[in-house]
Amino acid sequence: NMCNKQGQINAGTIPLAQSQGQPGGLSLDQQAAAARLAAEQEAVKKSIDELAKEAAERSDIAGRMDDIVEEMEEVIKDLRHRGADERTLERQERILSRMLDVQKSLHRQEFEERRKSTTGEDIVRTSPHQLPEDLGERRDILQQQLLRALNQPYPKEYESLIKAYFHNLRERTHPESR
(Lines give C-alpha, C1' and ligand atoms only; values in the text may rest on other atoms or scores of the structure.)
Protein backbone atom coordinates (compact mmCIF):
# COMPACT_ATOMS: atom_id res chain seq x y z
CA ASN A 1 0.00 0.00 0.00
CA MET A 2 2.85 2.36 0.86
CA CYS A 3 4.58 1.51 -2.41
CA ASN A 4 1.43 2.40 -4.34
CA LYS A 5 1.15 5.68 -2.46
CA GLN A 6 4.80 6.48 -3.17
CA GLY A 7 4.24 5.77 -6.86
CA GLN A 8 1.32 8.24 -6.85
CA ILE A 9 3.47 10.89 -5.16
CA ASN A 10 6.21 10.30 -7.72
CA ALA A 11 3.72 10.67 -10.58
CA GLY A 12 2.34 13.88 -9.07
CA THR A 13 5.84 15.35 -8.75
CA ILE A 14 6.75 14.95 -12.43
CA PRO A 15 4.64 17.90 -13.69
CA LEU A 16 6.09 20.12 -10.94
CA ALA A 17 9.64 19.22 -11.96
CA GLN A 18 8.85 19.92 -15.62
CA SER A 19 7.46 23.39 -14.83
CA GLN A 20 10.30 24.23 -12.43
CA GLY A 21 12.49 25.66 -15.20
CA GLN A 22 9.85 28.12 -16.40
CA PRO A 23 10.36 31.82 -15.67
CA GLY A 24 8.41 33.23 -12.74
CA GLY A 25 8.71 30.12 -10.57
CA LEU A 26 5.78 28.00 -9.47
CA SER A 27 2.21 29.25 -9.78
CA LEU A 28 -0.08 29.27 -6.75
CA ASP A 29 -1.70 26.05 -7.94
CA GLN A 30 1.68 24.41 -8.35
CA GLN A 31 2.77 25.61 -4.92
CA ALA A 32 -0.40 24.12 -3.43
CA ALA A 33 0.24 20.86 -5.28
CA ALA A 34 3.83 20.81 -3.95
CA ALA A 35 2.57 21.39 -0.40
CA ARG A 36 -0.01 18.59 -0.80
CA LEU A 37 2.63 16.21 -2.16
CA ALA A 38 4.97 17.14 0.73
CA ALA A 39 2.18 16.29 3.22
CA GLU A 40 1.52 12.97 1.48
CA GLN A 41 5.26 12.21 1.50
CA GLU A 42 5.33 13.03 5.22
CA ALA A 43 2.49 10.56 5.85
CA VAL A 44 4.31 7.78 3.97
CA LYS A 45 7.50 8.63 5.89
CA LYS A 46 5.66 8.20 9.20
CA SER A 47 4.36 4.81 8.07
CA ILE A 48 7.87 3.75 7.08
CA ASP A 49 9.17 4.95 10.47
CA GLU A 50 6.61 2.77 12.26
CA LEU A 51 7.44 -0.21 10.08
CA ALA A 52 11.17 0.34 10.74
CA LYS A 53 10.52 0.24 14.50
CA GLU A 54 8.61 -3.04 14.12
CA ALA A 55 11.41 -4.55 12.02
CA ALA A 56 14.21 -3.28 14.29
CA GLU A 57 15.40 -6.83 15.03
CA ARG A 58 16.19 -7.35 11.36
CA SER A 59 19.22 -5.16 10.76
CA ASP A 60 19.23 -5.78 6.99
CA ILE A 61 15.74 -4.29 6.61
CA ALA A 62 16.04 -1.63 9.31
CA GLY A 63 19.15 -0.16 7.65
CA ARG A 64 17.43 0.11 4.28
CA MET A 65 14.38 1.68 5.87
CA ASP A 66 16.55 4.31 7.56
CA ASP A 67 17.96 5.19 4.13
CA ILE A 68 14.42 5.48 2.78
CA VAL A 69 13.42 7.82 5.62
CA GLU A 70 16.45 10.06 4.98
CA GLU A 71 15.65 10.28 1.27
CA MET A 72 12.02 11.11 2.10
CA GLU A 73 13.10 13.94 4.40
CA GLU A 74 15.12 15.44 1.55
CA VAL A 75 12.16 15.14 -0.83
CA ILE A 76 9.88 16.82 1.72
CA LYS A 77 12.37 19.71 2.09
CA ASP A 78 12.57 20.07 -1.70
CA LEU A 79 8.78 20.12 -2.11
CA ARG A 80 8.27 22.64 0.71
CA HIS A 81 11.05 25.05 -0.20
CA ARG A 82 12.00 24.83 -3.86
CA GLY A 83 9.37 22.71 -5.53
CA ALA A 84 10.65 19.73 -7.50
CA ASP A 85 13.57 19.30 -9.82
CA GLU A 86 15.45 16.47 -11.46
CA ARG A 87 17.26 15.64 -8.23
CA THR A 88 13.91 15.32 -6.42
CA LEU A 89 12.65 12.89 -9.05
CA GLU A 90 15.82 10.81 -8.74
CA ARG A 91 15.41 10.63 -4.96
CA GLN A 92 11.79 9.57 -5.34
CA GLU A 93 12.79 6.80 -7.73
CA ARG A 94 15.40 5.55 -5.24
CA ILE A 95 12.78 5.68 -2.48
CA LEU A 96 10.33 3.59 -4.48
CA SER A 97 13.02 1.14 -5.55
CA ARG A 98 14.18 0.64 -1.94
CA MET A 99 10.60 0.27 -0.73
CA LEU A 100 10.00 -2.46 -3.29
CA ASP A 101 13.23 -4.20 -2.20
CA VAL A 102 12.12 -4.11 1.45
CA GLN A 103 8.69 -5.41 0.46
CA LYS A 104 10.30 -8.31 -1.39
CA SER A 105 12.53 -9.09 1.61
CA LEU A 106 9.58 -9.07 4.00
CA HIS A 107 7.53 -11.24 1.67
CA ARG A 108 10.39 -13.71 1.30
CA GLN A 109 10.80 -13.83 5.09
CA GLU A 110 7.14 -14.77 5.52
CA PHE A 111 7.59 -17.81 3.28
CA GLU A 112 11.02 -18.80 4.49
CA GLU A 113 11.07 -22.49 5.24
CA ARG A 114 12.59 -23.37 8.57
CA ARG A 115 13.68 -26.89 9.28
CA LYS A 116 12.54 -28.33 12.54
CA SER A 117 13.90 -31.44 14.11
CA THR A 118 11.93 -33.64 16.45
CA THR A 119 12.99 -36.59 18.50
CA GLY A 120 11.79 -39.92 17.22
CA GLU A 121 9.00 -41.67 19.06
CA ASP A 122 7.55 -45.14 19.08
CA ILE A 123 4.43 -45.49 17.02
CA VAL A 124 1.98 -48.14 18.10
CA ARG A 125 -0.37 -49.34 15.42
CA THR A 126 -3.00 -51.98 15.50
CA SER A 127 -2.56 -54.72 12.99
CA PRO A 128 -5.27 -55.46 10.46
CA HIS A 129 -7.65 -58.32 11.11
CA GLN A 130 -6.15 -61.72 10.62
CA LEU A 131 -7.04 -63.75 7.62
CA PRO A 132 -9.65 -66.41 8.28
CA GLU A 133 -8.18 -69.80 9.05
CA ASP A 134 -9.89 -71.38 6.10
CA LEU A 135 -8.54 -68.53 3.87
CA GLY A 136 -11.99 -68.09 2.38
CA GLU A 137 -12.29 -71.71 1.32
CA ARG A 138 -15.37 -72.25 3.48
CA ARG A 139 -17.33 -70.09 1.11
CA ASP A 140 -16.33 -72.33 -1.75
CA ILE A 141 -17.35 -75.40 0.26
CA LEU A 142 -20.80 -73.92 0.88
CA GLN A 143 -21.24 -73.14 -2.80
CA GLN A 144 -20.21 -76.67 -3.72
CA GLN A 145 -22.69 -78.11 -1.23
CA LEU A 146 -25.42 -75.87 -2.61
CA LEU A 147 -24.73 -77.04 -6.15
CA ARG A 148 -24.64 -80.67 -5.05
CA ALA A 149 -27.89 -80.26 -3.12
CA LEU A 150 -29.56 -78.62 -6.11
CA ASN A 151 -28.46 -81.47 -8.36
CA GLN A 152 -30.03 -84.04 -6.04
CA PRO A 153 -33.47 -85.19 -7.01
CA TYR A 154 -35.83 -83.30 -4.68
CA PRO A 155 -39.42 -82.45 -5.21
CA LYS A 156 -39.88 -79.04 -6.86
CA GLU A 157 -41.71 -77.54 -3.83
CA TYR A 158 -38.58 -78.15 -1.64
CA GLU A 159 -36.12 -76.71 -4.15
CA SER A 160 -36.88 -73.06 -3.33
CA LEU A 161 -36.65 -73.82 0.42
CA ILE A 162 -33.26 -75.46 -0.02
CA LYS A 163 -31.95 -72.49 -2.03
CA ALA A 164 -33.19 -70.07 0.65
CA TYR A 165 -31.59 -72.19 3.39
CA PHE A 166 -28.16 -72.20 1.74
CA HIS A 167 -28.47 -68.54 0.86
CA ASN A 168 -29.17 -67.63 4.51
CA LEU A 169 -26.37 -69.88 5.67
CA ARG A 170 -23.94 -68.18 3.32
CA GLU A 171 -24.97 -64.70 4.47
CA ARG A 172 -24.54 -65.59 8.13
CA THR A 173 -21.09 -67.03 7.69
CA HIS A 174 -19.89 -64.43 5.16
CA PRO A 175 -21.74 -61.11 5.65
CA GLU A 176 -19.32 -59.33 3.27
CA SER A 177 -20.70 -61.31 0.32
CA ARG A 178 -24.02 -59.43 0.38
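Residues numbered from 1 in each chain as written. Predicted model: local features only at pLDDT ≥ 70, side-chain atom pairs only at ≥ 80, totals over all residues. Heavy atoms only, no water.

S.K.: Just give me the short version of the overall build of the protein, but keep the residues and values in it.
M.R.: The secondary structure content of the protein amounts to 6 helices and 0 strands. Each helix (α) and strand (β) of the protein, taken in turn from the N terminus, gives the series α-α-α-α-α-α. Counting over 178 residues, the protein shows a buried share of 26%. By sequence separation, contacts in the protein at least 24 residues apart represent 71% of the contacts at least 6 residues apart. (Helix = DSSP H or I, 4+ residues; strand = E, 2+ residues; numbered from the N terminus. Buried < 20%, exposed > 50% of the residue type's maximum accessible area, 1.4 Å probe, protein only. Contact = heavy atoms within 4.5 Å.)

S.K.: Which residues make up a nonpolar patch on the surface, and what values go with them?
M.R.: Together, Tyr154, Tyr158 and Leu161 make up a nonpolar patch on the protein surface, roughly 340 Å² of accessible area in all. By the secondary structure assignment, Leu161 is in helix α6 (residues 156-173). Residue class for Leu161 comes out exposed when judged on its relative accessible area of 54%. (Patch = residues over 30% accessible without salt bridge, like charges linked within 9 Å, V, L, I, M, F, W, Y side chains within 5 Å. Areas by Shrake-Rupley, 256 points an atom, 1.4 Å probe, with all protein chains shown as cover. Salt bridge = Lys/Arg side-chain N within 4 Å of Asp/Glu carboxyl O.)

S.K.: Tell me about the pattern of salt bridges, residues and numbers included.
M.R.: Inspection of every chain in the model, using the stated rule, returns 11 salt bridges. Of the charged contacts in the structure, one is a salt bridge between Glu42 and Lys45, with a shortest N-O distance of 3.8 Å. Here the residue Glu42 and the residue Lys45 both occupy positions in helix α2 (residues 28-54), the gap between them amounting to 3 residues, near one helical turn. A network of salt bridges, in which partner residues are shared, links Glu71, Glu74, Lys77, Asp78, Arg91, Arg94 and Arg98.

S.K.: Pulling in residues and values, what's your account of the layout of surface pockets?
M.R.: Within this model, the largest pocket holds a volume of roughly 170 Å³. In terms of lining, the largest pocket is formed by Asn1, Met2, Cys3, Ile48, Leu51, Met65, Ile68, Met99, Val102, Gln103 and Leu106. Broken down by secondary-structure element, the contributors of at least two residues to the lining of the largest pocket are α1 (2-19), α2, α3 (59-81) and α4 (86-110). A per-element tally of the lining of the largest pocket places α4 first, with 4 residues. (1 Å grid on protein atoms, 1.4 Å probe; cavity = no way out; pocket = protein on both sides within 12 Å on 5 of 7 lines; lining within 4 Å. Points joined across faces, edges and corners; volume = space filled by probe spheres on them.)

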